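Summary of structural features
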Amino acid sequence: MRIAIAGFGIGGGALAVALAGDGHEVAVFEQAASPGPVGAGFLLQPSGQDALASLGLLDRVASESWPIRAFHAESAPGRSLTLLRYDRRDPDSFALGVARGRLFTTLMDAATAGGVRVVTGVRIVDARETRDAVVPIDALGMEHGTFDVLVGADGMRSALRRRVDPDSRLFLSPHAALWGLGQYDRPCPERLRQQARGVGILAGLLPVGEREMACFWGVRAANVDALEAEGFSALVERVVEVLPDARCVLNDIGGFDRLLIARYGHATLSRRHTGRIVLIGDAAHPSPPHLGQGANLALLDAVALAEAFRTEREPAAAFRAWDRRRRWQNARYAYLSRALSPFFQSSHGWLGPARDLGLPVMGRIPPVRAFMEYVLAGRG
């Protein structure tokens, strides 16, 4: 089949590699004029590692990443909220701290080697769909060929979402996070560390290499300009007040120009595909990042859709098979992420003490802790 993909992110890139490997003619339309390795870090969960392994790319990504064996959240130095371990039940299980740019490079190299056509500087915002074909339409109203399938992998702010479901709505959270990558002054630990003070302060360090960390700082999106006006040194002091180990990372980052802002949001939609168009990843199920599953779910969506095309010859049948397989896990994680998010970033101050009381108790109950670790690993 001739398949067009809107967006060369993690989900779109992985899908392009999988489909090209199966012999499909694949074109990816990417809005960036010069796409390259950008972004900070993320957790590649064990289930996402399985997805990358099915594409033959896990070893390369793992060699440029860092094993994460535990997630440790504190409400103050020495005051633990939760300690979740990947290797509690399986000593060989761990997540990977991955720099987004390195995964992008891996996917782009594999896509190019597989014959994928990448069209840059084009944002697909609409499509003309018939019974037998679909024609992508860009932001300037230009048409880009005729395809059998169009995949919307264009992220949280997907333009194709409204084409698939005209009644869908995107709700942007007032909360966000600043992310950056910097050098750590000693070998990194094998854990993601997070500090939370009430529901107004959230900071964390995620190792992505032997001496490289991704640092994040929760903010209200409306306050970013004010933070920049105060100067980068003021931000550094804010962060290290609650997370002292972040100083060397932030000093290496050096300025706001090397930080990225990650907005949060969720969407309501009643369907994820039409006869010729399907949404995957954040285009289909955007949610807050506090469970660390966004990239993971995009990879699982991509691999599952490629597998559906192997067993179903008609696009609509493949979409239905994909939806049956992915809908409920995506819905569970979207619900859990939205439920958890206000306990870490919100305007409801009473949720902070409730979290500080509840999470430690939950972590001391073995079945509950096991369930939390199962969900964290992307198996939920």
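Details of the structure are given in the entry above.
The model shown is predicted, which means the values in this text are computed figures rather than measured ones.

Rules behind the numbers
- Residues numbered from 1 in each chain as written.
- Predicted model: local features only at pLDDT ≥ 70, side-chain atom pairs only at ≥ 80, totals over all residues.
- Heavy atoms only, no water.
- Phe/Tyr/Trp six-rings, centres within 6.5 Å; stacked < 30°, edge-to-face > 60°.
- Helix = DSSP H or I, 4+ residues; strand = E, 2+ residues; numbered from the N terminus.
- Lys NZ or Arg CZ within 6 Å of the ring centre and 35° of its normal.
- Core = buried A, V, L, I, M, F, W, Y, C linked by side-chain atoms within 4.5 Å.
- Buried < 20%, exposed > 50% of the residue type's maximum accessible area, 1.4 Å probe, protein only.
- Polar contact = N/O pair within 3.5 Å; in protein donor to acceptor, adjacent residues only side chain to side chain.
- Contact = heavy atoms within 4.5 Å.
- Axes fitted to C-alpha atoms, helices over the stretch in contact; angles between N-to-C directions.
- Parallel < 35°, antiparallel > 145°, perpendicular 65-115°, else oblique.
- Left-handed = near helix turned anticlockwise from the far one by under 90°.
- Nonpolar A, V, L, I, M, F, W, Y, C, P; charged D, E, K, R; others polar.

Comments concerning the packing of aromatic side chains
- Taken as a whole, this structure holds five aromatic pairs when the rule is applied.
- Both rings, one in Phe29 and one in Phe147, keep their centres 6.1 Å apart while their planes meet at 90°; by these two values the pair is edge-to-face. Of the two residues, Phe29 is situated in strand β2 (residues 25-30) and Phe147 in the loop between β10 (134-138) and β11 (149-152); the sequence distance between them amounts to 118 residues.
- Residues Phe309 and Phe319 carry aromatic rings whose centres are separated by 6.2 Å and whose planes lie at 75° to one another, so their mutual orientation is edge-to-face. Of this pair, Phe309 sits in helix α9 (residues 294-311) while Phe319 sits in helix α10 (residues 315-340); the two residues are 10 residues apart in sequence, bridging distant segments of the chain.
- If you follow Arg2 out to its NZ or CZ, it ends over the ring of Phe147, 4.6 Å from the centre.
- Across from the ring centre of Phe344, 5.2 Å away, lies the NZ or CZ of Arg355, which sits over that ring.

Looking at the nonpolar core
- Formed by 53 residues in total, the largest nonpolar core has its most connected members in Ile68, Phe232, Leu235, Val249 and Leu250.
- Residues Val98, Leu300, Ala302 and Phe309 belong to the second largest nonpolar core, which totals 52 residues.

A look at the side chain of Ser173
- When you line up the elements, Ser173 lands in strand β12 (residues 169-183).
- Here His175 takes part through its backbone nitrogen, which lies 2.9 Å from a polar atom of the side chain of Ser173.
- Apart from residues no more than four positions distant in its own chain, Ser173 is found in contact with Arg263, Tyr264 and Gly265.

Quick notes on the packing of α9 against α10
- Interhelical geometry of α9 versus α10 gives an angle of 155° and a closest axis separation of 8 Å. Taken together, α9 and α10 sit at an angle that is classed as roughly antiparallel. Our pair here, α9 against α10, has a crossing hand that is right-handed. Between α9, through Leu297, Leu300, Asp301, Ala304, Leu305, Glu307, Ala308 and Phe309, and α10, the contact on the second element is made entirely by Pro315, Ala318, Phe319, Ala321, Trp322, Arg325, Arg326, Gln329, Asn330 and Tyr333.
- Broken down by class, the residue content of the contact of α9 with α10 amounts to 12 nonpolar, two polar and four charged.

A short note on the environment of Phe343
- Among the structural elements, Phe343 can be located in the loop between α10 and α11 (351-363).
- Looking at Phe343, the relative accessible area reads 28%, which means it is partly exposed.
- Between the C-alpha atoms of Phe343 and Asp356, which are 13 residues apart in sequence, the distance is 9.3 Å.
- Apart from residues lying up to four places away in sequence, Phe343 is in contact with Gly198, Val199, Leu351, Ala354 and Arg355.

The analysis is restricted to geometry; functional conclusions fall outside its scope.
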